[in-house]
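Reading the structure
Here's the letter readout for the chains.
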Amino acid sequence: FRAEVLTFVEPLYGTAMRLTRDRTEAEDLVQDTLVRAFRFSDRFAPGTNLRAWLYTILHNTWRNRRRDAARDTVDVDSERVEEAATVADGPSSADTPERILLRDTLDADLQAALDALPDAFREAVWLRDVEEFSYADIARMLEIPVGTVMSRISRGRRMLFERLSAPDGSSRVHMAGRP
């Protein structure tokens with residue numbers, strides 16, 4: 001079981017990067033996912049889809065973290081934010097293999113359009129079009145009806161298309177989730 005679970009570390013990390021957009025958070029998310037998978041391995045039914053089971057754990061863990069983080073108060077140091085923005089314009093040592101692969105394979109406009117999608121749409125489109133999960137698997141992972149998955153994928157793809165086909169590169173779509 002452990003050996004088979006560990007074969008999914010890289011794809012889980014890639015999805016965690018898409019969800020968190022931060023290398024450290026993605027690593028923590030994958031680690032928490034693996035800890036939960038090993039802790040609750042007795043709940044996995046042999047012969048079923050291990051990959052989908054792991055992605056379900058990953059997404060549930062991410063949602064729980066987001067919910068908990070929404071309760072936390074945030075102090076902002078404007079000087080440090082400006083300083084970080086200035087440093088971020090230069091070369092970064094935080095390039096992960098996933099970021100390098102995406103930068104090399106995804107057109108910059110497509111990557112920007114995908115990143116601009118609201119979380120719910122980006123997550124559904126990513127799981128279907130990149131990770132190639134079935135609608136039913138995605139519905140189980142995200143704990144939403146299949147119809148909602150289909151709607152999110154359709155709307156997400158439409159937002160991507162409209163953003164990418166705008167003549168000036170700007171979106172004709174409100175990227176807050178409403179076309």
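Residues numbered from 1 in each chain as written. Predicted model: local features only at pLDDT ≥ 70, side-chain atom pairs only at ≥ 80, totals over all residues. Heavy atoms only, no water.

1. Brief notes about the packing of aromatic side chains
Two aromatic rings, taken as a pair, are described by how far apart their centres are and by the angle between their planes. The final tally for this structure, using the stated rule, is five aromatic pairs. With centroids separated by 6.2 Å and ring planes inclined at 65 degrees, the aromatic side chains of Phe 1 and Trp 53 adopt a geometry described as edge-to-face. Within this pair, whereas Phe 1 is found in the segment before helix H1 (2-6), its partner Trp 53 is found in helix H4 (residues 50-71), the two being separated by 52 residues in sequence. You can call Trp 53 buried: its relative accessible area is 18%. Counting every residue linked through ring pairs, the aromatic cluster contains Phe 1, Phe 38, Phe 44 and Trp 53. Geometry around Phe 38 places Arg 2 over its ring, the cationic atom sitting 4.6 Å from the centre. The lysine or arginine in question, Arg 128, covers the ring of Tyr 135, its NZ or CZ lying 5.1 Å from the ring centre. (Phe/Tyr/Trp six-rings, centres within 6.5 Å; stacked < 30°, edge-to-face > 60°. Helix = DSSP H or I, 4+ residues; strand = E, 2+ residues; numbered from the N terminus. Buried < 20%, exposed > 50% of the residue type's maximum accessible area, 1.4 Å probe, protein only. Lys NZ or Arg CZ within 6 Å of the ring centre and 35° of its normal.)

2. Some remarks on unusual backbone geometry
Of note, Glu 132 is a non-glycine position whose phi angle comes to about 60 degrees, a positive value. Tracing the sequence through the fold places Glu 132 in the loop between helix H8 (119-130) and helix H9 (135-142). Positive phi outside glycine occurs at Glu 143, with the angle close to 55 degrees. With respect to the helices, strands and loops of the structure, Glu 143 is situated in the loop between H9 and helix H10 (146-165).

3. Let's talk about the side chain of Glu 123
Relative to the assigned elements, Glu 123 resides in helix H8. Buried Glu 123, no salt bridge; nearest opposite-charge side chain is Arg 63, N-O distance 4.6 Å. For Glu 123, the side chain forms a polar contact with the side chain of His 59, separated by 2.5 Å. Beyond its immediate stretch of four places on either side in the chain, Glu 123 contacts Leu 19, His 59, Trp 62 and Leu 142. (Lys, Arg positive; Asp, Glu negative; His and termini not counted. Salt bridge = Lys/Arg side-chain N within 4 Å of Asp/Glu carboxyl O. Polar contact = N/O pair within 3.5 Å; in protein donor to acceptor, adjacent residues only side chain to side chain. Contact = heavy atoms within 4.5 Å.)

4. Observations concerning H10
Given a rise of 1.5 Å per residue, 20 residues ought to cover 28 Å, and the 28 Å separating the end C-alpha atoms of H10 matches this to within 8%. For H10, every residue scored as buried is listed here: Val 149, Ile 153, Gly 156, Met 159, Leu 160 and Glu 162. Buried-residue contacts for H10 involve helix H7 (108-116), H8 and H9. (Expected span 1.5 Å × (residues − 1).)

5. A word on the environment of Phe 44
Inspection of the secondary structure assignment puts Phe 44 in the loop between helix H3 (23-39) and H4. In this structure, the C-alpha to C-alpha distance between Phe 44 and Phe 1, residues 43 residues apart in sequence, is 9.7 Å. Those residues within four positions of Phe 44 in sequence are excluded, and the remaining contacts are Phe 1, Asn 49, Leu 50 and Trp 53.

6. A few points about the nonpolar core
Among the nonpolar cores identified, the biggest contains 31 residues, and Leu 12 and Leu 54 are the most heavily contacted of them. Secondary structure elements with two or more residues in this core: helix H2 (9-20), H3, H4, H8, H9 and H10. Considering each element in turn, this core owes the most residues, eight residues, to H4. The contact partners of Leu 54, leaving out residues within four places of it in the chain, are Val 5, Phe 8, Leu 12, Thr 33 and Ala 37. In this structure, Leu 117, Phe 121, Trp 126 and Leu 160 belong to the second largest nonpolar core, which totals eight residues. (Core = buried A, V, L, I, M, F, W, Y, C linked by side-chain atoms within 4.5 Å.)

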